[in-house]
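# Secondary and tertiary structure notes
Residues per chain, in single letters:
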Amino acid sequence: MSRLVIVSNRVTVPEPGHPPPPGGLAVAVHAALKSRPGLWFGWSGKIDDGPAVEPQTVERDNVTYVVTDLSTGDYNEYYTGFANRVLWPILHYRVDLAEFNRSDLGGYLRVNALFADHLAKLLKPDDVIWVHDYHLMPLARELRSRGFNNPIGFFLHIPCPPADLLFTIPKQEQTIGALSHYDLVGFQTENDRNNYGRYLAMSGGHQGRDGTSYAVDGRVVRIGAFPVGIETADLAAVAAETVDSGFTRELRDSLQGRKLVVGVDRLDYSKGIVHRVEGYRHFLEHEANWRNRVTYLQVTPKSRSEIPEYGDMSDDVNRLVSEVNGQFGEAAWTPIRYINRSYPREALAGVFRIAAAALVTPLRDGMNLVAKEYVASQDPADPGVLLLSQFAGAAAELDAALIVNPHETEGMAQALRTALEMPLDERQARFASMFERISRQDIDRWAETFLAKLSETRRSFLIGQLR
Ligand code: G6P
């Protein structure tokens, strides 16, 4: 088996006893590396302005982690500046929030070249290279220019908007356009894939007869949809066990018979937390008989706090949550419990299992693994109900959820009532259909399918070159 070399911006070396950092990418990559010899390269999460040092290597559970620090300039320009204030908002359809300047783009390209320099010292000829997410779009071009002929694939964990929005990225040919240097580019949904296909066609690419490959400036890139999954069977077992843990019992006791509604998201404007709380407020206003019979727990670890748009959004959520608690709360009942921290996966599985409903209502999301984790954690005999935004990638698969439009407050409130009052047989039928789907399309299937397609694509490209 070839070695799998994963590259992503943030590398999370697992620490015993510490919860993994939030975010779908880390969850997916850890699971993909479980059954293969592998190396994971990327940023340590630390800033260091001292003299340049070689990346650090740590071995853990058969995986070699190689991590490098970033300088303050690299962090500001590449990570905060271009990746998170240009690519993140635009790819989430929020051109209005994008803040572009040329030095940030310069930093983005510079760090991609730096990553390629580090990787050049680590790579072997038969390694398969799999690059993850929007921070590293130009990396294949950098590696090819250093003479690497390995299969190189890319997976975009976040949405890919329509071509007209992609063209708003200044100098888009150097970033989103540079994806054409990969052998295979994977997206979360068919919709994302089609948006990128249209972008390639509008940028002068020629679609091949197979419909999935495009010839761009003498190169061939294949594109496909590979919806990311979770470790479904494992999580279901963990949830069944955790339900008896002290943590879950304490939470259940604290509810005093009230139903639990849960939301778990990084504190990010794409997650629609303000819209969600508005929906809950509307529910409490108009469904008076539900007051004091339901508790909404919103678990929201802080994220990218140094970026002004995130700080603004955090203020908005704080204000709104305290307004709703002030308006409806009673001496012995807090309508919303709002927590800015993360919990270990086991603890969350227990929370999901006892929650009567989950609110997964992003304004835009590549996939949203919380939706799948909630379903996997349910008790099949008495499952809860998932409210899912039509704008999450997961909605393409989990069509048995209550699909909601987060922009429509009344519709969300109504769906919450439907969820809390749904008869057992309907809950079971919806759960069974979704559980079957996420069991079939789990995380192992995702990694296997992508990697098989990548090897096949590189082989046919090399044969094509020989002809
Ligand atoms: C999302 C992105 C990941 C990112 C994660 C956490 O899931 O797709 O690439 O790692 O958020 O964000 P952060 O900026 O803290 O790495």
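Before reading on, note that the structure itself is shown above.
Residues numbered from 1 in each chain as written. Predicted model: local features only at pLDDT ≥ 70, side-chain atom pairs only at ≥ 80, totals over all residues. Heavy atoms only, no water.

To continue, consider the sheet that holds strand S16 (residues 402-404). The strand order across the open sheet formed by six strands is S13-S12-S11-S14-S15-S16, and the pairing between neighbours is parallel. One side of each edge strand has no neighbouring strand; the edge strands of this open sheet are strand S13 (336-339) and S16. Mean inter-strand twist for the sheet, computed between neighbouring axes without regard to direction, equals 20 degrees. In the sheet, strand S12 (residues 294-299) pairs with S13 via four bridges, with the strands oriented parallel. In the strand pairing of S13, valine 299 is matched with isoleucine 339. With respect to the sheet, helix H8 (residues 246-255) is in contact with strand S11 (259-264), S12 and S13, its orientation differing from that of S13 by roughly 145 degrees. Docked against the sheet, helix H12 (residues 369-376) engages S11, strand S14 (357-360) and strand S15 (385-389), running at close to 170 degrees with respect to S15. (Pairing = 2+ DSSP bridges. Helix = DSSP H or I, 4+ residues; strand = E, 2+ residues; numbered from the N terminus. Axes fitted to C-alpha atoms, helices over the stretch in contact; angles between N-to-C directions. Contact = heavy atoms within 4.5 Å.)

All right, on to the packing of helix H2 (residues 72-91) against helix H3 (residues 102-120) then. Where H2 contacts H3, the axes come no closer than 8 Å and their chain directions differ by 110 degrees. When the interaxial angle is binned, H2 and H3 end up roughly perpendicular. Every pair of crossing elements has a handedness; the one defined by H2 and H3 is left-handed. Across from Gly73, Asp74, Asn76, Glu77, Tyr78, Gly81, Phe82, Ala83 and Leu87 in H2, the residues of H3 making contact are Ser103, Asp104, Leu105, Gly107, Tyr108, Arg110, Val111, Asn112, Leu114 and Phe115. (Parallel < 35°, antiparallel > 145°, perpendicular 65-115°, else oblique. Left-handed = near helix turned anticlockwise from the far one by under 90°.)

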